[in-house]
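Single-letter residue listing:
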Amino acid sequence: MKKSFIFLLILCCSGITGLRAQYMKNSVGIRTGISEGFTYQRFVQEDRDIKLLLSFRDNGMQMSFLTSSYESVGGRFRDNIYLYYGLGVHAGFSRNLDLLWHFTGRNNTDARPVTRALAGADGLIGLEYRVYTVPLSFGIEYKPFFDLFGHRIFRLSYGDLGLTCRYHF
C-alpha cells in the first residue's frame, strides 16, 4: 500500500502544475484508514457524486458503491472547503487468519485460513479541501459500515476514519 501511495503522490505532483482550474467531473485517489484503498469519483451534478472504493480490510477485499452530496462550508476559504455526506453498499470477501480450515490432502494434513463472502451498508461524512490551481483535493472522512454477513453476522463498525487524496480531471 505504501508503494501505491508514493506512486500516486508522484503522479499527482509531476507535470500538472501548468493546469489551471477546471470543472471537476472525475477523480481518482487513495484512502487510508480501516477501509484503505483506491477511489474513483464521478460527479453526476455539481453537488452530487458517485464513488467506487476498492478497499482492503480484514485480510480481504471489498468494493463499495457510495453516493454523496456536497455543500460549501462558509468562512474565508468558502470556495475550497466542502462538507459531504452519503450512503452506500459494499460486497467482497474477508479472510480470518485465526480460524483455520483443516483438510487432509494426498500426502499430509494442511490448514488454511477461512475465507468468507461479506456484504453490507456504508455511511459517509467528510470534509474536503480542493486546490483548484493544481486539480487535487485532500480530505478527512468518517465511514461507519455494517456487515450483514461474513465472519460475524451483523457486524457494526464505528471506527473507520480515513484521509483521502484525489486527483481531479
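Remember, predicted model here, so these are calculated numbers, not experimental data.

Visitor: How should I be thinking about the side chain of Lys143 in this particular structure?
Guide: Here Lys143 is to be found in the loop between β7 (136-142) and β8 (145-149). A polar side-chain atom of Lys143 sits 3.1 Å from a polar atom in the side chain of Asp122. In this structure, Lys143 is in contact with Arg31, Ser35, Leu53, Leu66, Asp122, Gly123, Leu124 and Asp160, ignoring residues within four places of it in sequence.

Visitor: What should I look at first to understand the pattern of salt bridges in this one?
Guide: Between side chains of opposite charge, a pair can form as their charged atoms come close. Scanning all chains against the criterion turns up 12 salt bridges. Note that Asp160 is salt-bridged to Arg31, the shortest N-O span being 3.2 Å. One end of the pair, Asp160, is in the loop between β9 (155-157) and β10 (161-168); the other, Arg31, is in strand β1 (residues 26-31), and 129 residues separate them in sequence. Across the pair, exposure class does not vary: Asp160 and Arg31 are buried alike. Two residues, Lys143 and Asp160, come together in a salt bridge whose shortest N-O distance is 3.8 Å. Highlighted residues: Lys143 in the loop between β7 and β8 and Asp160 in the loop between β9 and β10, separated in sequence by 17 residues. The exposure class of Asp160 is buried, given its relative accessible area of 0%.

Conventions used here
Residues numbered from 1 in each chain as written. Predicted model: local features only at pLDDT ≥ 70, side-chain atom pairs only at ≥ 80, totals over all residues. Heavy atoms only, no water. Helix = DSSP H or I, 4+ residues; strand = E, 2+ residues; numbered from the N terminus. Polar contact = N/O pair within 3.5 Å; in protein donor to acceptor, adjacent residues only side chain to side chain. Contact = heavy atoms within 4.5 Å. Salt bridge = Lys/Arg side-chain N within 4 Å of Asp/Glu carboxyl O. Buried < 20%, exposed > 50% of the residue type's maximum accessible area, 1.4 Å probe, protein only.

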